[in-house]
Amino acid sequence: MGASPGRIDSTAPPPELWKDVVSDAPRTDSIPVVASEDSAADEPQTPQPERTATGSIRIPTATGAIRTLGSNPATAPIMLHPGDAISLGRRTLYIILLGALTALGPFTIDLYLPAFPVLEQDFQTTAAAIQLTLTGTMIGFSLGQLVVGPLSDKVGRRVPLIAVTTLHVLASVGAAFAPDLGLLSAARVLMGVGAAAGGVVAMAIVRDLFGGRRLVVMLSRLALVSGVAPVVAPLIGSWLLTLMPWRGIFVVLAAYGVLMLLSTILFIPETLPVARRQGSGGATMLQRYRSVLSDRVFIGVLVIGGMTFSGLFSYLSASPFLFQVTHGLDAQQYGLLFAVNSLGVVVGVQTASRLAARFGPQWVMAYSTAVLLLAGIAIIVTDQLGLGLWGTVIPLFVFMTACGFTFPNVQVLALDRHGKAAGTAASIIGASNFGVAALISPIAGWLSHDAGITATTMASVMVVCAAIGTLSLWFVVRPRTVGMLAP
C-alpha cells in the first residue's frame, strides 16, 4: 500500500536514506534545512523525505506543517515552526547567545553613565553636552537598525550581523582614545550603528524559528535582557570605574564586541534560507515597509514601545546627576540603586510572558501602561512633598516593574503579525524605541537649566510619555479588536 502525502508506512522497512542518517549523522541539533527546488520538482504529487543536519528526516504535510522523523517515523511529531525541532539544550544556547547580542546595544549606550560627572570635569563642559553623547549613540543605534533589519530580510541574518558588529569593535577602540568631546561624540554615534545589528537580528532569528505562544516565551527572554541590561549596565560601569579610568570602559566594550563577533561566526546558524529571502530591488524594501507600517496595531504598539523606552531613558540619562549630585550618592551606591531597580524589570518581564500567553499581550499592556502613568505621577507628588530619596526610589521601582510588563508584549504583538518581514518589523521597533528616546531623554536636563536635575523634572517627562502610550493603546491598538495568540 503506497504512502499518502504527509504519511510514512511504519510497517515497511526504512528507505536507504534513513539508514544512512541514523548510522552516520552527527547527534547534534540544528535547524532543518529547506528542500531544494529541483528535488521538489521531480515528484510534485508526493512529498519526499528530506535529510536534516540533526540526523533526522522531515517531510511536509498537506497543511504546510513539518513532520520531523526520528528513529520511529510512525510517532514523529508535527512541527508547526522550524524551532519546534530544536532540542532544549540548543534552544538554551540560542537564548544565551541572542540575549548577549541583544544586550550589546544597551551596554553600549549605558555602561558609561556613571562616568558622566567625570566626563563633565575632564572635558570642562556642561551636563547637557555630556548627555548629547548619549543622544548621539541612540540616534546611531536607531539609524543602524533601519538599515540592518531590511538588509537581513534580503541577504540573510549572519552577514549583516558580522559586518556591523565589526564596526562596533573599531568604533569602541576609537572612543577609548578620543582626545576631545567632538571625536568622542562621533565615535559614540558609530558605536551605536555598530551595536544595532544585535537586537534587531536576534528578534528576527527568533521569529524565523518560532511562532504562537512559544514566540511569546522566547521574546520574553530577549525582552528581559533588553529591560535589565540598561539597568545593570550602570552598575557594572560604576564597578569598572573603581578599577580603571573612564576610557577603560570603551576597551571593555570593544572586547565585548569581539566576543560577540566570534560567537556569531562559530555558533549562530543562518535561519533565513535563500528561498524565504525577499527579492532584490528598492521596491521590495518599500513594499515591506508599507506592509508593516499600514498595520494599525503595529503603529499603536510602536508608539507604546517608543514612549515606554523614552520614559525609561529619561530616568537613565537624568539619574547620574539626580542621585550622585542632588542626593550625594557615590558611584557604588548609585550602581546598587540600579541593581535594585533591575529586580523590578525581571519580575515584570517574567510575569508578563505567562500572563500574555493566557490573557493576550494587549490586556497585559492595558494594566502596565496605567501603572506607568500612576507611578510617574507619584514621583512628582512625593518630590513636591519633600519625602527625599525614598520618596523617589519606591515609585521609581514600580515604574521599572511596569516597564518590564510592557516590553515583551510590544515585541510579541508587533512580530507575531509580520513573520515574513520579521527583520523589517524588528528594525522599526528598535529604531522607534531608541530614536524617540534619544530625542526625549535630554529634555529633563534642558528643563532644569542651571538649577540642577530634580525628581520632578525627570518624572514630568516620564508622565507625558506614559500618557501618550496609554492613549495609543486605547485609541490606536484598541485591545478588543486584537485576537488571541495562536498555540
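Shown above is the structure to which this text applies.
The model shown is predicted, which means the values in this text are computed figures rather than measured ones.

> How would you explain the overall build of the chain if you had to name every residue and give the values?
Within the chain one finds 17 helices and 4 strands. Each of the 487 residues in the chain was classed as buried or not, and the buried ones make up 55%. Once local pairs closer than 6 in sequence are excluded, the contacts in the chain between residues at least 24 apart make up 80%. Surface exposure of the chain reaches about 20000 Å², of which carbon and sulfur atoms provide 67%.

> Explain the packing of aromatic side chains to me, and be specific about the residues and the numbers.
Across all of its chains, the model carries 8 aromatic pairs by this definition. Judged by centre distance (5.9 Å) and plane angle (55°), the ring pair of Tyr 112 and Phe 250 falls under tilted. One end of the pair, Tyr 112, is in the loop between α3 (88–110) and α4 (116–122); the other, Phe 250, is in helix α9 (residues 247–267), and 138 residues separate them in sequence. Since its relative accessible area comes to 2%, Tyr 112 is described here as buried. Overall, Phe 250 belongs to the buried group, its relative accessible area being 1%. Ring centres of Phe 309 and Phe 407 lie 4.7 Å apart, and the angle between their planes is 40°; on these two criteria the pair is classed as tilted. Remark: Phe 407 occurs in helix α14 (residues 388–416) and Phe 309 occurs in helix α11 (residues 296–326); sequence separation between them is 98 residues. Like Phe 407, Phe 309 is buried.

> With reference to specific residues and values, describe the environment of Ala 455.
One can find Ala 455 in helix α17 (residues 455–477). Relative accessible area serves as the criterion here: at 2%, Ala 455 is assigned to the buried category. Taking the C-alpha atoms as reference, Ala 455 lies 9.3 Å from Phe 323; in sequence the two are 132 residues apart. Not counting the four nearest positions on each side in its chain, Ala 455 is found in contact with Leu 322, Ile 379, Asp 383 and Thr 392.

> Go over the environment of Ser 472 with me, naming the residues and quoting the values.
Following the sequence through the fold, Ser 472 ends up in helix α17. For Ser 472 and Thr 369, which are 103 residues apart along the polypeptide, the C-alpha to C-alpha distance reads 10.0 Å. Residues within four places of Ser 472 in sequence aside, it is in contact with Gly 300, Val 303, Ile 304 and Val 477. In terms of polar contacts, Ser 472 uses its side chain to reach the backbone carbonyl oxygen of Gly 300, at 2.9 Å.

> Requested: an account of the pattern of salt bridges, with residues and values cited.
Under the criterion given, the structure shown has 2 salt bridges. Taking the shortest distance from any N to any O, the salt bridge between Asp 153 and Arg 157 comes out at 2.9 Å. Between Arg 157 and Asp 208 there is a salt bridge, with its nearest N and O atoms 2.8 Å apart. Taken together, the positions of Arg 157 in the loop between α5 (127–155) and α6 (158–176) and Asp 208 in helix α7 (residues 181–209) put the pair 51 residues apart, joining distant regions of the chain. Of the two residues, Arg 157 and Asp 208, both sit in the buried class. Residues joined by salt bridges that share partners form a network here, namely Asp 153, Arg 157 and Asp 208.

> Tell me about the nonpolar core, and name the residues and values.
In terms of nonpolar packing, the biggest core is built from 128 residues, with Leu 98, Leu 184, Phe 250, Tyr 315 and Phe 323 touching the most fellow members. Looking at this core, the element that brings in the most residues is α11, giving 15 residues. Tyr 315 has contacts with Phe 323, Phe 338, Asn 341, Leu 396, Met 400, Met 458 and Met 462, leaving out every residue within four places of it along the chain.

> Tell me about a nonpolar patch on the surface, and name the residues and values.
Together, Leu 336, Val 340, Leu 343, Val 371, Phe 397 and Val 398 make up an exposed nonpolar region whose accessible area comes to about 480 Å². Of all the elements in the fold, those that place two or more residues in the nonpolar patch are α12 (331–359) and α14. The element contributing the most residues to the nonpolar patch is α12, with 3 residues. Tracing the backbone through its elements, the reader meets Val 371 in helix α13 (residues 361–384).

> Mind laying out unusual backbone geometry, listing which residues take part and the relevant values?
Look at Gln 124: it is not a glycine, yet its phi comes out positive at around 50°. You can see Gln 124 is positioned in the loop between α4 and α5. The phi angle at Arg 478 is positive, at roughly 55°, despite the residue not being glycine. Looking at where Arg 478 falls in the secondary structure, it is placed in the segment after α17.

Basis of the calculations
- Position labels on residues start from 1 in each chain and follow its written sequence.
- For a predicted model such as this one, the threshold for reporting local features is a pLDDT of at least 70, and the threshold for listing and counting side-chain atom pairs is 80 or more; totals across whole chains, interfaces and linings nevertheless cover every residue.
- Side-chain figures throughout are based on the complete set of non-hydrogen atoms in the structure, without hydrogens or water.
- Elements are defined by DSSP. Helices are runs of H or I of four residues or more, strands are runs of E of two residues or more, and each kind is numbered from the N terminus.
- Burial classification: accessible surface area is computed with a 1.4 Å probe over protein chains only, and a residue below 20% of its type maximum counts as buried, one above 50% as exposed, and the rest as partly exposed.
- We call two residues in contact whenever any of their non-hydrogen atoms come within 4.5 Å of each other.
- Accessible areas in this description were obtained via Shrake-Rupley with a 1.4 Å probe; residue shielding takes into account the shown protein chains only.
- The pairing test for Phe, Tyr and Trp rings, Trp by its six-membered ring, is centres within 6.5 Å, and the orientation test on the planes gives stacked under 30 degrees, edge-to-face over 60, and tilted for anything in between.
- Here a polar contact means two N or O atoms within 3.5 Å. Within protein one must be a hydrogen donor candidate and the other an acceptor candidate, and residues neighboring in sequence count only if both atoms are side-chain atoms.
- When a carboxyl oxygen of Asp or Glu is within 4 Å of a side-chain nitrogen of Lys or Arg, the pair counts as a salt bridge.
- What makes a nonpolar core is a set of buried Ala, Val, Leu, Ile, Met, Phe, Trp, Tyr and Cys residues whose side-chain atoms join them at distances within 4.5 Å.
- Exposure above 30% relative accessible area and the lack of any salt bridge qualify a residue for a patch; like charges then connect within 9 Å, and the nonpolar side chains Val, Leu, Ile, Met, Phe, Trp and Tyr within 5 Å.

What is shown is where atoms sit, not what they do.
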